[in-house]
Amino acid sequence: MKRFLSMLMTLVLLCGCFAMAEVKTFDYKVLEGLDGYSYDKFEKMWSLAGEYRIKAADGYISVALIALGDKESVQGVMLTAGVYKSDGSIYGTIDKIEILADDTLISIKMMPLGGQQARLLTDTSAEALRLISEAKEISFKIALKNAGSGTFDPTADEIADFVQAAKAIIENNMLSLSTNAGIDSEAIEKFEETYPITIEK
């Protein structure tokens, strides 16, 4: 959880503009019992993570949906990605992720974030997550910076945690309830222009 929180805070610092966000109450206890849910009683923070991990001979690629919050609110929702060696060290940089949800193509430009990549998800991302949560078949195309791309067709079991996280985020309105870690609306708008999510049906 601390790694996810650190990524969110780094993203906030890179966006650079803050606002006093209106706190919208969220009952995190609705997430209890879901795979990928955890609560840190010392930090008084909860998280929900759903990862799709692609294994390779000398490491793996991770694509994960993550929601974070405190006892009263959703602090942020992110898509994170990274290419790692088997020892967990960073191996490469993901420039873009394309997700084919049935016949709909979702393209996500990723933001470099301390060796990993992330994309803050706001209420403008709801349609993309809804499509993922409802899709019968999902494929991934992952483009590495200066290193080509690869296409992956996960089984339902391999993608189950990722899809479950998407469903929980949508069903519990986490995107509209998120404070987006206090980033102001103008900074978010610029961020979304620089790192767009597009949908082609």
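Cut-offs applied
- Every chain is numbered independently, its residues counted from 1 as its sequence is written.
- A pLDDT threshold of at least 70 governs which residues receive local features in this predicted model, and a stricter bar of 80 or more applies before side-chain atom pairs are shown or counted, although totals over entire chains, interfaces and linings include all residues.
- Heavy atoms from the whole structure form the basis of all side-chain values; hydrogens and water molecules are not counted.
- A run of H or I in DSSP counts as a helix once it spans at least four residues, and a run of E counts as a strand once it spans at least two, with each numbered from the N terminus.
- Each residue is placed in one exposure class: buried if its accessible area under a 1.4 Å probe, protein chains only, is under 20% of its type's maximum, exposed if it is over 50%, and partly exposed if it falls in between.
- What makes a salt bridge here is a side-chain nitrogen of Lys or Arg within 4 Å of a carboxyl oxygen of Asp or Glu, nothing more.
- A pair of strands counts as paired when DSSP detects no fewer than two bridges linking them.

*Asks:* Can you walk me through the environment of Lys167 in this structure?
*Replies:* Tracing the chain through its elements places Lys167 in helix H3 (residues 156–171). For Lys167, a relative accessible area of 39% gives the class partly exposed. As for Lys167 and Leu129, which are separated by 38 residues in sequence, their C-alpha atoms are 7.6 Å apart.

*Asks:* Help me understand the pattern of salt bridges, please; the structure alone is not making it clear to me.
*Replies:* Close approach of charged atoms allows side chains with opposite charge to pair. In this structure the tally under the stated criterion is six salt bridges. For Lys109, the salt bridge goes to Asp95, with nearest N and O atoms at 2.8 Å. Here Lys109 is found in strand S7 (residues 104–109), whereas its partner Asp95 is found in strand S6 (residues 94–101), with 14 residues between them in sequence. With a closest N to O distance of 3.6 Å, Glu186 and Lys190 form a salt bridge.

*Asks:* Please explain the pairing of strand S4 (residues 74–85) as it appears in this structure.
*Replies:* Across a regular strand the side chains alternate sides, sitting on one face of the sheet and then on the other. Summarising burial for S4: ten of the twelve residues are buried, a large majority. In the sheet, strand S3 (residues 59–70) pairs with S4 via eleven bridges, with the strands oriented antiparallel. Considered in S4, the bridge of Ile66 is made with Met78. Between S3 and S4, which pair antiparallel one after the other, the connecting turn spans three residues. Relative to strand S9 (residues 116–120), S4 runs antiparallel, the two being bridged by four bridges. Note on S9: the bridge partner recorded for Leu79 is Arg119. Across two bridges, the pairing between S4 and strand S5 (residues 90–92) is antiparallel. For Tyr84, the partnering residue across the bridge sits in S5 and is Ile90. Where S4 folds back on S5, the antiparallel hairpin that results is connected by four residues, among which Gly88 adopts a positive phi of roughly 95 degrees.

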